[in-house]
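This is what each chain is made of:
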Amino acid sequence: MSFSNYAVYGVVAAILFLAAALVIYSIFYISVGQKVAEFGQLRTIGASKKQIYKIVLKQGYMLAVPGILIGSIMGTIISIVCNQRLVSICIYCFSMWRMLFGILLVYISVRKPAKIAANTSPISALKNPVGIVNYRTHKRHRITPVYLAKISFSRNRKKSLLTILSLGLCGVIFFLAASYQSSFNAESMARYWDMKYGDFKISIDLENESENLDALLQKEYFSDYVKRVGDIEGVSNIFTYATVPVDFSTDNDISDSTLMLGYNEKDLASLNAAVLSGNITDDTELVVSDPERIYDVYHWKPQIGDTVTFNFKNHSGKTITKAFKIGAITSSNDGMGGYIFRMPENMLKELAGYDCTYAIEIQAEAEYQEIIEQELKLLVSDNRDVRLQTLQDFIVEHQSDNRAGFTLAYAIAAILWIFAVINQINLTVTNLLSQKQEMGTLKSIGMTNKQLKQAFMMEGLFTTLIALLITAVVGIPGGYAIGIFLKNAGMSTGFVFPVVAFTLFAVAMFMLESLMTILLIHSWKKQSVIAIMRN
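Only a predicted model underlies this, so the values are computations on that prediction, with no experimental measurement involved. The residue numbers shown here count from 1 along each chain, following its written sequence. Local features in a predicted model are, by the rule used here, given only for residues with pLDDT of at least 70; side-chain atom pairs are given and counted only at 80 or more, and totals for whole chains, interfaces and linings are based on all residues. Excluding hydrogens and water, the side-chain values take into account all heavy atoms of the structure.

(A) Region of interest: the overall build of the chain. Runs of E in the DSSP output that reach at least two residues are strands. Runs of H or I that reach at least four are helices, and both are numbered from the N terminus. Helix and strand counts for the chain come out as 18 helices and 10 strands. Residue pairs in contact within the chain that sit at least 24 positions apart in sequence constitute 80% of those at least 6 positions apart. Element-wise, carbon and sulfur atoms account for 60% of the exposed surface of the chain, whose accessible area totals about 28,700 Å². It only takes one pair of heavy atoms within 4.5 Å for two residues to be counted as in contact. Here the accessible surface of atoms and residues is derived via Shrake-Rupley with a 1.4 Å probe, and residues count as covered only by protein chains that are part of the display.

Here it is as structure tokens:
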């Protein structure tokens, strides 16, 4: 597995770790806030701060250990199913690390709420933990549902902030995932990496072993194919691609096997646009691409004027050794693929002594495409060494390859959304229950159920609106950056705002908050004002 894969998994794990820590911290912070009187009473009868601290920690472990065990068992089963070659002791060790990591996560998350509980003074037992608002201090303001929502929101600032942060984090990740999907363009990727100009491509597989590839190229299939394809009605243009397997060595004793690619007029525009140093002229012998990757792989920094020696076989099988000077260095997005050496196609064919074309692209007039496809299939039907592919084939292939990435991104967003919803439900329920007596008082002086429902719904909407604002403020620049990255990688035409996904996300958030509030308010309707105030 490459370093980049480990980096991606590390980032995903870090995001999930932060999300899990945030939701656990939020739940215990709110729980501790609701039990101030209980902790104060325990302190009154002689409990020490250390004992209160341990009580909260043990509550966290009692809730976490069963979940950690179940998760470890399920993860182990999935690992065995996905990879039958895993050694049992490796699975056991990895499961133990998962369990220890889960316990560490709980400890980090619960530690701060436990300290808050331990620092509760005995006198707190005599105070009302709810903290009913003194409306005399608000006599200059008209008591309306909106104003009540504002008071309640500001009274629970830290609880609200934790919920907003979790919702905002969920929203940002979801927006980035949606931006990735909406900005990704499989046709752009196919045009950039596989078929730049044509509608059909006939090619030899370059992944063959070099000896086999040499033999295939020397059969010169495409000398005949170019002529026969050119005679098909509706073919407007044919583009050729050439290569030769080579062994190269540099002055600093670096050597390896690779493919030398040939460039012609169709490639000059993209090559010149990607030049980092030097110039591509008629006298240029050798072009080197992607110096950063070259340094990562070989620890070699190619310079203009450096000499590279190549060994390759000509048509008769004789090994030719020849040195070329580097005339230009291009970036990785020069439009010619992942191999690092380029040479003028006519020079490459002259040195090889044969037509080393490995692929042709056929550009067809729109009304003839179906007929041409059938003609091309017939042309290559008796040749197992070559394959015919259409632009649509490459588009479907890239869509399939990237579907796993979309699924992973949305899965992460879904997990974070579950964490955020837990926080949101926790905050909503806590606020409603903690203000039950207060609301009973307001109902006794004329507040209607409709006004009560409006006050709590406004409070929830405040939280949701701020979370959506965070999503937009952080997510849009992030999504734009993703769009630019995909465009530079040939996978997009630029950033596309995920209108549908963002709208559905916002609607789901508002509906969830409204539904929770309506259900809880409905549970109060059957109770009298006296019963609500007594509870």
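(B) Just helix 7 (residues 186-193), in detail. Throughout this description, buried means an accessible area under 20% of the type-specific maximum (1.4 Å probe, protein chains only), exposed means over 50%, and partly exposed covers the range between. Every buried residue of helix 7 is listed here: Ala186, Ser188, Met189 and Ala190. In this structure Asn185 caps helix 7, since a side-chain oxygen of it lies 3.0 Å from the backbone nitrogen of Glu187. Side-chain atoms alone can form a polar contact between residues adjacent in sequence; in general such a contact is a pair of N or O atoms within 3.5 Å, and within protein one must be able to donate a hydrogen while the other accepts it.

(C) Highlighting the packing of helix 9 (residues 221-230) against helix 13 (residues 369-380). Fitting a line to C-alpha atoms yields each axis, with helices limited to the stretch in contact; the angle taken between N-to-C directions then spans 0 to 180 degrees. Packing of helix 9 against helix 13 brings their axes to within 11 Å, and their N-to-C directions diverge by 150 degrees. As the angle between them shows, helix 9 and helix 13 are arranged roughly antiparallel. In the crossing of helix 9 with helix 13, the sense of the turn from one axis to the other is right-handed. Contact with helix 9, carried on its side by Tyr225, Arg228 and Val229, involves Leu376, Leu379 and Val380 of helix 13 and no other residues of that element. Any angle between 65 and 115 degrees counts as roughly perpendicular, while under 35 counts as roughly parallel, over 145 as roughly antiparallel, and the rest as oblique. Here a crossing is taken to be left-handed if its near helix is turned anticlockwise relative to the far helix by less than a right angle, and right-handed if that turn runs clockwise.

(D) Looking closely at the nonpolar core. Counting 51 residues, the largest nonpolar core has Ile202, Tyr225, Leu286, Phe310, Phe341 and Leu376 as the members making the most contacts within it. Contacts of Tyr225, omitting those with residues within four sequence positions, involve Ile202, Ile360, Leu379, Val380, Asn383 and Val386. As used in this record, nonpolar core signifies buried Ala, Val, Leu, Ile, Met, Phe, Trp, Tyr and Cys residues forming a set joined through side-chain atoms within 4.5 Å. Counting 20 residues, the second largest nonpolar core, distinct from the first, contains Val32, Tyr53, Val106 and Val110.

(E) Quick look at the pairing of strand 1 (residues 200-204). Summarising burial for strand 1: five of the five residues are buried, a large majority. The side-chain alternation of strand 1 yields two buried faces, one formed by Phe200, Ile202 and Ile204 and the other by Lys201 and Ser203. The pairing of strand 1 with strand 9 (residues 357-364) spans four bridges and is antiparallel. Within strand 9, the position partnered with Ser203 by the bridge is Ala359. One requirement defines pairing of two strands: DSSP has to find at least two bridges between them.

(F) Spotlight on a positive patch on the surface. Any residue with relative accessible area above 30% and no salt bridge may belong to a patch, with like charges joined within 9 Å and the nonpolar Val, Leu, Ile, Met, Phe, Trp and Tyr side chains within 5 Å. Whenever a carboxyl oxygen of Asp or Glu lies within 4 Å of a side-chain nitrogen of Lys or Arg, that contact is scored as a salt bridge. In summary, the charge assignment counts Lys and Arg as positive and Asp and Glu as negative, without counting His or the chain termini. Just so you know, the charge point we use is NZ for Lys, CZ for Arg, CG for Asp and CD for Glu. Residues Arg111, Lys112, Lys115 and Lys158 make up a contiguous surface patch of positive charge. Per-element accounting of the positive patch gives the leading share, three residues, to helix 4 (residues 88-118). For Lys112, the position within the fold is in helix 4.

(G) Focus on the layout of surface pockets. Using a grid of 1 Å spacing that covers the protein atoms alone, one calls a set of points a cavity when a 1.4 Å probe fits there but cannot get out, and a pocket when the set is open and has protein on both sides within 12 Å along at least five of seven lines; lining residues are those with an atom within 4 Å of a point. Grid points are joined across faces, edges and corners, and a volume is the space filled by probe spheres set on the points. The space that makes up the second largest pocket amounts to roughly 700 Å³. For the second largest pocket, the lining is made up of 27 residues, of which Trp193, Asp194, Lys201, Leu206 and Tyr358 are closest to its centre. It is strand 1 that contributes the most residues to the lining of the second largest pocket, three residues altogether.

(H) Structural detail: the pattern of salt bridges. Under the definition given, this model contains nine salt bridges. Here Asp267 ties to Lys266 by a salt bridge, and the two come within 3.1 Å at their closest N and O atoms. Across this residue pair, the class does not change: Asp267 and Lys266 are buried. Glu373 serves as the salt-bridge partner of Lys377, at 3.6 Å between the closest nitrogen and oxygen. Here the residue Lys377 and the residue Glu373 both occupy positions in helix 13, the gap between them amounting to four residues, near one helical turn. Note on Lys377: relative accessible area 42%, which makes it partly exposed. Glu373 sits in the partly exposed class, given a relative accessible area of 23%.

(I) Quick peek at helix 12 (residues 345-352). Along helix 12, the residues classified as buried are Glu345, Leu348 and Ala352. In an axial view of helix 12, the angular spread of the buried residues amounts to 60 degrees, which keeps them on one side of the axis. Opposite the buried face of helix 12, at more than 90 degrees from it, the exposed residues are Asn346 and Glu350. Packed against the buried residues of helix 12 are strand 2 (235-250), strand 3 (255-263), strand 6 (307-313) and strand 8 (341-344). The arc under discussion is defined with respect to the helix axis, by the directions toward the C-beta atoms.

(J) Looking closely at the pairing of strand 10 (residues 386-390). Among the five residues that make up strand 10, four are buried, leaving the element largely enclosed by the rest of the structure. Examined bridge by bridge, strand 1 and strand 10 share five bridges and lie antiparallel to one another. If you follow Lys201 over to strand 10, its bridge partner there is Gln389.

(K) Focus on a nonpolar patch on the surface. A contiguous nonpolar surface patch, about 450 Å² in accessible area, is contributed by Ile476, Phe497, Val499, Val500 and Leu504. Residue contributions to the nonpolar patch peak at three residues, all from helix 17 (residues 499-524). One can find Leu504 in helix 17. For Leu504, a relative accessible area of 58% puts it in the exposed group.

So far we have only geometry, and geometry alone does not tell us how the molecule works.
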